Structure formats: C-alpha cells, structure tokens
Amino acid sequence: MSLINPSDSLERQNEKLRIIAEALMRRVEQKTENSGLAYQQFERAALLETEVSERTRELERTLNLLQESNARLEIANFETETARANLSEAIETINEGFALFDPDETLVLFNSRFCRDIDDITDFLVKGMHFTDYVELISRSSNLSIPNNQTPAEWAKRRLTRHRHNHVVFNVRLSRNRWIQVSEHRTARGGTVILQTDVTEIMRLERQERDNMRDQQAKTLQATLDHLNQGVCIFDQNLTLVGWNKNMDSLLALPPQQAVHGLKFSEVIELLHVELTFGEGFDLPSLERWAQDTNKRKPVLFELKRNNKEILSVFAQEMPDRGFVMSFTDVTVEREYALALSEMNERLEQGVRDRTTELGIALAEAERANASKSRFVAAASHDLLQPLSAAKLFLSSLATHLTDTTNLSTLQKAETALVGVENIIEALLDISKLDAGKAVFRVQPVRLSAILGPLSDELTPTAQAKGLSLTIVDSQISVLSDPGYLHRIVQNLVGNAVKYTNEGAINVVERRDGESVWIDVHDTGPGIAPEHQKMIFREFERPELSAGEPGLGLGLAIVERACLGLDHKLALTSEPGKGSCFSIQLPVAPTVQIPVEPTKPTPRKNGKVLEGAIVLVVENDEQLGNALAQLLEENGAEVLLCSRTEDAKALLIEIDIAPDFLLLDYQLGTGHSGVQLYQDICVTFGDLPAAIISANRSEELEKTCAGLSLPLLPKPLDKQVLLQQIEKGLRKQPAP
Amino acid sequence: MVEDFATQSGVLRTAQVTWTDQAPVTALRTSLGDTPLQMLALFVTPKADFSAIVAEAAQLYPDTDVVACTTAGEIGAAGYEDGIIVAIGFPRADFASTSLLIDDLANFDPQPSMDLVASERVKLQEKNLDKVNSFAFLLVDGLSLREDSLIAKISPALRDTPLFGASAGDGNDFGKTMVALNGKIAQDAAVLSLVRSRYRLKVFSLDHLVATDMRMVVTDADPERRIVRSINAEPAAREYARIVGKDPEQLDRFTFASHPVAVRIGETHHVRAIQQVNELGELVFFSAIDEGMVLIVAEPKDMASHLRHELDGLGQDMPPANIIGCDCILRRIEAEQTQMTRDVSEIMAQHKVIGFSTYGEQIGPLHVNHTMTGVAFYDHVVGKETPVK
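The sections below set out a description of the structure shown in this document. Counting starts from 1 at the beginning of each chain's written sequence and moves along it residue by residue. Whichever chain is written first becomes A and whichever ligand is written first becomes 1, with later ones labelled in order. Given that the model is predicted, a residue must reach a pLDDT of at least 70 before its local features are reported, and side-chain atom pairs must reach 80 or more before they are shown or counted; all residues, however, enter totals for whole chains, interfaces and linings. Derived side-chain values reflect all non-hydrogen atoms in the structure, with water molecules and hydrogen atoms excluded from consideration.

### A look at the overall build of chain B
Piece 1. Only DSSP runs of H or I reaching four residues or more are called helices, and only runs of E reaching two or more are called strands; each is numbered from the N terminus. Of the regular secondary structure elements, chain B holds nine helices and 27 strands.
Piece 2. Only protein chains enter the accessibility calculation, which uses a 1.4 Å probe. A residue is then buried if its area is under 20% of the maximum for its type, exposed if over 50%, and partly exposed in between. Looking at chain B as a whole, 62% of its 389 residues are labelled buried.
Piece 3. Here, residues are in contact when the closest pair of their heavy atoms is within 4.5 Å. Relative to all contacts within chain B whose residues are 6 or more apart in sequence, the contacts with residues 24 or more apart total 81%.
Piece 4. As displayed, chain B has an accessible area near 14,500 Å², and 48% of this comes from carbon and sulfur atoms. Computed with a 1.4 Å probe, the accessible areas rest on the Shrake-Rupley method; for each residue, only the protein chains presented here act as cover.

### Details of the pairing of strand β18 (residues 580-587) of chain A
Residue and element names in this part refer to chain A.
Piece 1. Counting buried residues along β18, seven of its eight residues qualify, which places the element largely inside the surrounding structure.
Piece 2. By this definition, two strands are paired if DSSP reports at least two bridges between them. One ladder, built from seven bridges, connects strand β16 (residues 516-522) with β18; its direction is antiparallel. Paired with Val521 across the bridge in β18 is Phe582.
Piece 3. Where strand β17 (residues 569-574) lies against β18, six bridges are found, and the strand directions are antiparallel. Of the residues in β18, the one forming a bridge with Leu570 is Ile584.
Piece 4. Counting the residues between successive antiparallel strands, the hairpin from β17 to β18 contains five residues, one of them, Gly577, with a positive phi of roughly 85°.

### A word on the sheet that holds strand β14 (residues 199-206) of chain B
To summarise the sheet geometry, strands pair through backbone hydrogen bonds and adopt either a parallel or an antiparallel arrangement.
Residues and elements named next belong to chain B.
Piece 1. Here we have six strands laid out as an open sheet, ordered β6-β5-β24-β23-β27-β14, and mixed in their pairing. Single-partner strands in this sheet number two, and they are β6 (79-81) and β14. Neighbour-to-neighbour, the strand axes of this sheet turn through a mean angle of 20°, independent of strand direction.
Piece 2. As judged from the seven bridges shared by β14 and strand β27 (residues 372-381), these two strands associate in the antiparallel manner. Bridging from a neighbouring strand, Phe204 pairs with Gly374 of β27. A fitted line through C-alpha atoms serves as each axis, taken over the contacting stretch for helices, and the angle formed by two N-to-C directions is quoted from 0 to 180°.

### Structural notes on the interface of chain A and chain B
Piece 1. The partner chain B presents 34 residues to the 29 residues of chain A that form the contact.
Piece 2. When two parts are put together, the accessible area they lose, computed with a 1.4 Å probe and summed over both, is reported as buried area. The contact between chain A and chain B buries some 2,700 Å² in all, and 62% of this surface belongs to carbon and sulfur atoms.
Piece 3. For this analysis, a salt bridge means a side-chain nitrogen from Lys or Arg found within 4 Å of a carboxyl oxygen belonging to Asp or Glu. At the junction of chain A and chain B, the tally comes to four salt bridges.
Piece 4. A salt bridge links Glu234 of chain B to Arg12 of chain A; the nearest nitrogen and oxygen atoms lie 3.4 Å apart.
Piece 5. In the analysis that follows, any N or O atom pair within 3.5 Å is treated as a polar contact, provided that within protein one partner can donate a hydrogen and the other can accept it, and provided that, for residues neighboring in sequence, both atoms belong to side chains. Inspection of the chain A/chain B interface yields eight residue pairs in polar contact (both at pLDDT 80 or more).
Piece 6. Among the secondary structure elements, those contributing two or more residues to the side of chain A that touches chain B are α1 (10-29) and α2 (37-93) of chain A.
Piece 7. The nonpolar class holds Ala, Val, Leu, Ile, Met, Phe, Trp, Tyr, Cys and Pro. Asp, Glu, Lys and Arg form the charged class, and all remaining residues, Gly among them, are polar. Residue composition of the side of chain A that touches chain B, grouped by class: 14 nonpolar, eight polar and seven charged.

### Brief notes about the packing of aromatic side chains
One pair of aromatic rings is described through two measures. These are the centre distance and the angle between the planes.
Piece 1. Two aromatic rings from Phe, Tyr or Trp, using only the six-membered ring of Trp, form a pair when their centres are within 6.5 Å; if the ring planes differ by under 30 degrees the pair is stacked, by over 60 it is edge-to-face, and anything between is tilted. As enumerated under the stated definition, the model contains 25 aromatic pairs over all chains in all.
Piece 2. Ring centres of Phe265 of chain A and Phe324 of chain A lie 5.4 Å apart, and the angle between their planes is 80°; this geometry places the pair in the edge-to-face category. One end of the pair, Phe265 of chain A, is in helix α8 (residues 265-272); the other, Phe324 of chain A, is in strand β11 (residues 324-330), and 59 residues separate them in sequence.
Piece 3. Taking the centre distance of 5.9 Å and the plane angle of 50° together, the rings of Tyr240 of chain B and Phe256 of chain B count as tilted.

### Looking at the nonpolar core
Most often, soluble globular proteins have nonpolar side chains that are buried together.
Piece 1. Only buried residues count toward a nonpolar core. Its members are Ala, Val, Leu, Ile, Met, Phe, Trp, Tyr and Cys residues joined through side-chain atoms within 4.5 Å. Judged by nonpolar contacts, the single largest core of 46 residues is most densely connected at Tyr240, Leu283 and Leu295 of chain B.
Piece 2. Broken down by element, the residue count for this core peaks at six residues, all from helix α5 (residues 236-244) of chain B.
Piece 3. Formed by 44 residues, the second largest nonpolar core is a distinct cluster that contains Ile519, Val521, Leu554 and Leu566 of chain A.

### Describing the pattern of salt bridges
Piece 1. Counting across every chain of the model gives 37 salt bridges over all chains.
Piece 2. Glu81 of chain A serves as the salt-bridge partner of Arg84 of chain A, at 3.9 Å between the closest nitrogen and oxygen. Of this pair, Arg84 of chain A and Glu81 of chain A both sit in helix α2, separated by three residues, roughly a single helical turn.
Piece 3. A salt bridge links Arg198 of chain B to Asp94 of chain B; the nearest nitrogen and oxygen atoms lie 2.8 Å apart. In this pair, Arg198 of chain B sits in the loop between β13 (190-197) and β14 while Asp94 of chain B sits in the loop between β7 (84-91) and β8 (95-102), placing the two residues 104 residues apart along the sequence.
Piece 4. Each of Asp8, Arg12 and Lys16 of chain A together with Glu234 and Arg238 of chain B takes part in one network of salt bridges that share partners.

### Digging into the environment of Asp173 of chain B
Piece 1. Structurally, the position occupied by Asp173 of chain B is in the loop between β10 (163-167) and β11 (179-181).
Piece 2. Taking the C-alpha atoms as reference points, Asp173 of chain B and Ala72 of chain B, separated by 101 residues in sequence, lie 8.7 Å from one another.

### Things to note about a nonpolar patch on the surface
Piece 1. Patches here are clusters of residues that have more than 30% relative accessible area and form no salt bridge, with a 9 Å joining cutoff for like charges and a 5 Å cutoff for nonpolar side chains (Val, Leu, Ile, Met, Phe, Trp, Tyr). A grouping of Leu59, Leu63 and Leu66 of chain A is seen on the molecular surface, where their side chains present a nonpolar patch of about 290 Å² in accessible area.
Piece 2. Within the secondary structure layout, Leu66 of chain A lies in helix α2.

### A look at the side chain of Asp188 of chain B
All names here are of chain B.
Piece 1. In this structure, Asp188 sits in the loop between β12 (184-186) and β13.
Piece 2. When charges are counted, Lys and Arg contribute as positive and Asp and Glu as negative, whereas His and the chain ends are disregarded. Buried charge without a partner: Asp188 forms no salt bridge, and the closest opposite charge is Arg146, 5.3 Å away.
Piece 3. In this structure the side chain of Asp188 is engaged in a polar contact, spanning 3.0 Å, whose partner is the backbone nitrogen of Ala106.

### Considerations on unusual backbone geometry
Residues and elements named next belong to chain A.
Piece 1. Within the chain, Glu105 stands out as a residue other than glycine whose phi angle is a positive 70°.
Piece 2. With respect to the secondary-structure elements, Glu105 resides in the loop between β1 (97-101) and β2 (107-110).
Piece 3. Of note, the phi angle at Asp567 is positive, near 65°, even though the residue is not glycine.
Piece 4. A residue is classified by how much of its surface remains accessible, and Asp567, at 67% relative accessible area, is exposed.

### A few points about the packing of helix α13 (residues 483-500) of chain A against helix α14 (residues 555-566) of chain A
Residues and elements named next belong to chain A.
Piece 1. Relative to each other, α13 and α14 sit at 145°, their axes nearing to 9 Å. Where α13 crosses over α14, the handedness of that crossing is left-handed. Residues Tyr485, Arg488, Ile489, Asn492, Leu493 and Asn496 of α13 pack against Gly555, Leu556, Ile558, Val559, Ala562, Cys563 and Leu566 of α14.
Piece 2. Here the contact of α13 with α14 is built from residues that sort into nine nonpolar, three polar and one charged. Each crossing is labelled by how the near helix is turned from the far one, with a counterclockwise turn of less than a right angle marking it left-handed and a clockwise turn marking it right-handed.

### Thoughts on the pairing of β10 of chain B
Residue and element names in this part refer to chain B.
Piece 1. Across the five residues that make up β10, a large majority, five, are buried.
Piece 2. One ladder, built from five bridges, connects strand β9 (residues 133-140) with β10; its direction is parallel. In the strand pairing of β10, Ala136 is matched with Leu163.
Piece 3. One crossover worth recording links β9 to the parallel β10 by way of helix α4 (residues 147-154), and it is right-handed.
Piece 4. Direction of pairing for β10 relative to strand β25 (residues 361-363): antiparallel, over a ladder of three bridges. Directly across from Gly165, in β25, lies its bridge partner Gln362. The definition of a right-handed crossover adopted here requires that, viewed with the strands pointing away, the path from the first strand over the helix to the second runs clockwise.

### Examining helix α17 (residues 674-685) of chain A
All names here are of chain A.
Piece 1. Between the first and last residue of a helix there are one fewer steps than residues, each counted as 1.5 Å, and that sum is the expected span. The end-to-end C-alpha distance of α17, which contains twelve residues, comes to 16 Å, matching closely the 16 Å that a straight helix rising 1.5 Å per residue would cover.
Piece 2. Considering only its buried residues, α17 is in contact with β19 (614-618), α16 (645-655), β21 (661-665), β22 (690-694) and α18 (699-707).
Piece 3. Just downstream of α17 lies Gly686, where phi reads positive at about 75°.

### So, the environment of Gln276 of chain B
Residue and element names in this part refer to chain B.
Piece 1. With respect to the element layout, Gln276 can be found in strand β20 (residues 274-277).
Piece 2. When its relative accessible area of 31% is taken as the criterion, Gln276 is described as partly exposed.
Piece 3. A sequence separation of 102 residues divides Gln276 from Phe174, and the C-alpha atoms of the two residues are 9.4 Å apart.
Piece 4. Other than its neighbours up to four places away in sequence, Gln276 contacts Phe174, Phe256, Glu282, Leu283 and Val284.
Piece 5. A polar atom in the side chain of Gln276 sits 2.8 Å from the side chain of Gln275.

Below you can see the structure in the form of structure tokens.
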C-alpha cells in the first residue's frame, strides 16, 4: 500500500507529501518542537546497542583468545616446572657426579654427588661460578693427587686445555689411591656437562684382574706345553733354559726340573750329547754356532739319533725376544711306517699297471664283441629279410594264379603270418638301432592328420573284425617330430589297444596343452595293474594277462625308446578292469603351411603296367632275385636277372642293350655295391632310371642315394611301391 | 479452570494460586517450601487485591526481597493462564540479589539512579565472587510512558550485566498498573533487581515478526503521551487502517496484534506496538514514538513453531531447568486470534516457562513490544572451583 492514497485529489496528495516531507525533515534536523526525547533515547540506545553488541562480540573473541593463550601459558609453565623438577630428580638419581655449565661457562646445575670426594671444596661450589674458578678450586684441593712433576697451576692449565675439546674423558687421581673418571661433553647449545664417576674400585679390580690373568696365562702356557706330544724347551736371550715340558724329561732323560732350571744352553748340550748322535747335514758345532749367532737366526730342522734306536726330529726357531724354542719329536715309528708305506705303494702301483693292461685288453675285446654283435644283428636282420621279401613276392604272385577261395584264404593267412614275422624283425632291427644309439631322427613339422589318417585306414578293418569301435581324431595340428618314428609310435599304441581290447571302443583324441599337444589313446581293455606299468615297456615282457595274444612285446619297447630319442613325453594311466590310456606329448609346430602331398592316384593298368620294359635286376640273393623276376614279368616286363656285378656288366656288354630300368641290390658281395654298379653302367649307357633295393637302413646309404637322385627301396619290398617306382622311372625315360 | 500448582525441582522454586484464594501468599508459601529465599517475585492478576497480597508477602517473607507487579495475564505451569498469582523463589544458597525501587519516573533524575545502580552492582559482585552468573530484572509501571528513557539511562550503569524486564499490565483495561518492593506499592515507578547466581543462565529476547515493505510516516504526534495524531498527513487510525487494508471503524487489539508496526534502526527493526485507538481517532502506542518517524508494517511468522524453535535453541546444550518469560500481551492476543493459544501454552509448559503477559518488554537498553524477553536457568553450577572452557 503506497504512502499516498491514490483516491485523493492531486492537490490533496501534494499537500500530504509536503507535510510528510516536513515531518521527515524536522526529524532529520532533530527539531521537533514537541519533546521526542523518549524516542530519541530509544533510538540512540538501539544504535548503541547494535554497536555495543558488535564490540562485545569482538571483545568476547579477544577474551577467548586471551583465555586460550593463558591456558597455554599455564600448561607451558606447568610443563616447565615439571621438567625442572624431573631434571633435578633425574640428576640426583644418577650415581655419578653431574654438573652443567652454560655457554657462558658459569655453573648452572650440579647434584650432590658432584665433587663429593673432593670434600674440601664442596662448600665453595655455587651456582654461577665460572669454569676456570672451578678448575682453580680443584687444583688447590688437598684431595687431589697431582703428579710429582706438576704444580697446581700447571695441572689447572692442563685441565683447561682438556676443556677445550667437545668431548673428553680422563681419569683423575685423588689422595689415598682413589680415582675418578671425569667425562666432559659439550651440549648442543655450547654448554658443558661434566660427569664424575668413582672408578677406584674398577681400577683396583682391573689391576687384580691383570695380575690374575698373568698367572693364569703362565699356567695355561705350561699346561699347553705339557700337553704337546713333543719335547719342548725354551731358552731366553741369554741362552738360559727358562721353560720345558714333561715330554722333554722323558725324551732326553733330563735331571728333575728344579735342577735344570737356569741351566745354560751349553750345559744342556753337554748333558745331552753323550747319548745323541746328529743326523746327516748337521752337527754339534753347527748347533752351537746357531745358538750363539747374534744376528737373526733362521729356523733349523735336523735329526738326532738316540742310542742308535730312536730318531728325534728337532726344530729350533728364534722367538721375538731373541731367545729361541726347540722342539723334539720322536719320529721313530713314523719313519718305520713311512718305509713300509713306500714299499706297499710300490706294490700297489705295479698291481694297478697290471690291471690296467688287463682291462685294456678286455675293453678291446668288448668293443670287438659289441661291433660284432651290431654287425651280426644287422647282418642277421638283413639275411632274414631277404628270404622274407622273396617269400612275400612269391606269395603275391601265387595269389594271381589262384582261384579257389579256400586256397586264397590260406594264402592270405600265410601272407599275414609273413607280415607278422616281418614286423617282428623290423622291430628287432629298430630296437637294436635305438639301443645302439644309431637311430637317426629327422625332426620336422608333421601334420598329425598325415599320421593319424593312414592309421585309421590301416587299423579300422582289424578293429571291426574284433567288433570294436575305433575313432581317431581328425586333427588339424602340426607337430615337430620324425614322421617315420611318430607313425611307428602311434601305430604301436593304437595297434596294442586294438590287440588287447576285447570289447568296447578305442578312442584316439588330441588334447592341447599350451605349446604342446597330447595324443591320448584310450581303450576299454583289461587295463594294467600299477605293478605292471613299468614292466610293459621292457622288450619281450608282457603282463600275464595278455599271454594269449601273439607278439613278442616289442611294440611298447620301441615306443618308449623312440619317445625317449625324440624327447616326447610318454604317459600311461590305467586301472585294471577300466581300460588304459597311453599318451604322448608332442611339441606343436609353428604355424607354417605344410604342403599337402597330392595323393597320387595309383594307376592300375590291369596288371600289365610294365609292358615291354627291359628291367635289369641284380640281386645276389637267389630266391629274392627269382621272386622279383617273377613279379616283374607278371607285370609285362622283360627281366635280365643277375646275381653278381660282374655277371651284370658282362651281360650288358654281351647283349649291348641299355635296359629301361635298373633294379640293383645294394649289397652285392664283398667289395661290390649296387651304387657302384649303377655308376659303372651309367658310364657305358648314360643315365638310366634305376632304384637301389636294400635292407641297409643306414643314413649314409640314404645320403649316397639322395646325392645320385637314386630312389632307395627298403627291403622287404612292397610290391606296389616297387611297381610304382619302376613305372615312374620308365615315364622319365625318353622313348628309344 | 485453574489449578494451584507448584514445583520444587530445578533451580528456582515456583508456585501459583488462583486469585480467589483467601490467603494466597500463605498458600504459595506452603507450596514453595521452607528453602530460605533470597528473592521472591510475584506476578499478580489484576483481579486480585494487589495491595493485600503485597502486604501479606512482606509479612510472610520479612528476610526476602519481594518484588511484585500486576499483569495483563499470567504464564503458569500450563502456559497462558488468567486470574492466578505466580510466585518465583530464588533460593538464598544459589542466588544473591539487590532490589531497588525507582519512583517518580515522571521527574526521573538519571544521574543519582545510575550511580546507585553502578555501586550496588559492584558491591553485589564483590560480595559474591562464587556466583559468577548475573542478570538484571526490571519491573516497571506499564502505563508510566517512561520505560524508554528509564532503561536507556540505567542500562549503561549495568555494564556487562544483561538486563531484561517487563512493563506491568492491567489485563486489557489499561487502567492502573502497579509494581511493589517489600510491601511498598508504587506507580510511575520501577523495581530493578540485580541478581547473581551459581547457575549458568541466559537472558534472551524472542521476536517472531518480519518487516514488510509497507511504510508510513508519522506527521504529527504527542511523544510525551505516546500518541500519534496523524500518519501521512491523515488522521492516524484511518491512515493505518488504509495501509493495512482494514476498515477504520473496526480497528481493535486483534488488528494491532496481527498488523504490528515497527521502526528500522540500522539492520534491525523494533516493534512500536499500538495500544489502542482513542476517541479522537489517534493511535496510542505502548512505546516511545516521535514525529517524522517511519513506521514499517511487520508480519508475524507462525508464532508456535517460532517459539518452539527458539526455546529448543536455548536447550541446545542442556535443557533449561526453568525459564522466566515476559510475554507481550499482543502475542497472547495474536495467539488467541490465530487459535494458537493451546499450542503456545503447551510449548511454554514443556519448556518450563512461567511469567506473565506485559504491556512492553525491556531487553538491554531497549524498550520494545510484541516480543518475549526472559531468562533461562540451567541446572549447571558455574563457579571458580570448576573452571569451564
């Protein structure tokens, strides 16, 4: 609501405003006629009140601050008092004399023990006295025992010199043989703290202790000397006997100790030399000269013989005080032992020499025997494989002539039997190589599918025949291993599983384990008892459980040795009645593409793949040679069969025809090899397609053949491989 | 219905009786108990025979300073009451006091009074070093028109002693207000009590009004009689009615209670309460006024919640054991008008407020209206033996 009533006329409004203004102005000028004293007082009081309350607040703040600082001051005072009281108590509690001089060198504080032993000055010690006055006071005290060559003033001067150091500790001698130790320290603020400790008792004890110790040492020394297994005698710088031990008595049969004490060296010698004779290189005059020598004596060692029986080793050495010590050791027994030892040593050495010679001979014999064995195993395997190879070839040719199913079945069984024998021999050969450390591992990236795929094909029929389910993982992983041995390992493991499992399933799975992969072969076979789990890896050993199964038990021996050689971990978990799982751990190959070998379609030209080709076969095993010839001829080839190098060369010269293919045995009797023959023929007829067949699995031969680009077909020969190889060679040969 | 009531717990001894009691002070004495009292304050309803009561009290309490006044209503154990006599005893063990009668206020000569107050104050303090808490309590004739001058003069003599006080009332009649000290009844007079106590105490003043922007100028006044003749050059009552939006013919104490006016001095405002409209259409005030004074219309906040908040504030550290409250009659009227009487009474009862309704309140050097002034006592001995931070 406004000051002015809007319903009023303007004149009235003006009038009112004028009156209002007038009233306000009067008020401002404090000119009210009517006494407004009460209100003015009120107004002034109110204004004042505002100011006062502000001031009061300020005052209260100030008062609070003052109170706080008073409280702090009170606390500080209290703390100071407490500290002072504590300090006094503390310095009174300590067992030493204590005094504090301030940085101006005046005495501030001291306890009742301070200077207590210098009792004629204690009355003069007062707070505020100067340090030099204090020193002066002490220097004149009758209680102070000043060294004879010093005056009190000199003592005081020396004392003040010490005072200049920041830390100093010294002993002060008082009358009646009392001692105090004074230690003086400069405080951080430049004052000086003096501590006085009564050390009289300590000094006394120390001295007593020192005397005791000397006695004790002498006793200990004598006991030590007596304890020695030698005779010892000690002469002082005047060549007087001052010490010896009991052994000396018995060694030299000296008179009783008391009597000899103080004897001169020459007298001792005189007493002794009746019984003694000097050994080589030293004599009595030399000894006397040594003893009398005024220069520094070098140690001497000599021998004495007593009564021509006992031998004494004598060692004489100068001591720091120019006296010397001599030790006498009875070495009679030692000398005898030494002689006996020397003789025995001689005998032993002879024995060792003889034995070494014998061992050398035995070693040479063993080496010879070992070499013979290796040769024998290789040769035996070779010789066994030759006829086996022949037998197989004969059987396969026979198969083509048989029509009667019964006969064919019999033939089939015979082939299977032969394959079994072949496997055993192969295994034996492998074992002998692995054992002899001659196996060569070619570790390279291998696609697991390349190993596992064929195995599946190979073993599925057998498994199905037994009513087992065989599942082999289709792995995409490549590993680092030797493909041949890896195939062998997995084949043996899976083969074993199939062999020993009568019902259920074989599962081959892969299991990644970081940088490696495990191949697990699970079976549902009888399982292997823990006590048998080691044994199964030994050749020719099989748990009784599997006694009914065929085989020599070489498979796992090969697996174990090959894994060892390839550094593949091999593991077995099995429980009787619950099946087994053999696992091998293979390192995963870095991911590089391994070219997939295109699977070559095997051409089958109705059995006549070699139609018209002339094949020279040189094979010194007659049976194998005949078998080969028969096989090749059945496939349409003309075969020139020879058993010796010379025959082959002569035949070629005679007929003067370059054969289309050379099939040469590597071992062609002493001094002859198929490789050599191949090179000879090439000289005459130029390069001809050829293949070497051999039971020799050495790396050396492989290298040689590879160097000549000459295919090497291992015995026993695989019919298909052989035929494919010849076909391949024929294709390369330009048409004649 | 008013019950006699007394409580002897806490710091003070308090009691009340209805005015109809034949020997009210005797009854009060029974309630107050035998504790020797240093001082006894009686707030007497105008319905009672003031002189008889004062005489009875002087007789019954010969060794006690008995101060008394008439009221415009009482505050008893149940809050706002009417027709009772409230007694407040200050035990001698815990309190020391000096009471002075200042009469003939119309011809008040300030200097001797100031000197007397100052010397009595110092004397009391020196005699009672163990009673470190002090206050001054003023009871003044509520129709003397001299409160402003009186208090402005004597308060400097009190130095740091906080003062509160009240103008004695006469119900709603504005006829005759009285104060008394030790049997002597006076008008145009005041009783000043200087009190020291072992107990912690706090003097307070509560004001629940806020200023609005409605202003008016006093253009003609009779300051001596606290009469404003004209406002904004119009007859005062009519113009006040226009400003606050009321019918000039309907102005009554309820209007004045709900539309109080105040002056602004510095940052604060002080209510100048209107007592009544006289037959000339002029406004009679409860406190000093002057020409050229700018009056601001103030608005009351919610009285009950404000009171609760303020009294709770007094009990922030520990609830007061007793509170003496001098409550402006306009607050009682306002509470009545806004139907808050019961709430306000309950709040005062909860906070152990006793006292009376006044024609004006004093706080420090100021005479104000429409407030509650008082003192709160805490059951916590503060003395030199137990220094408190």
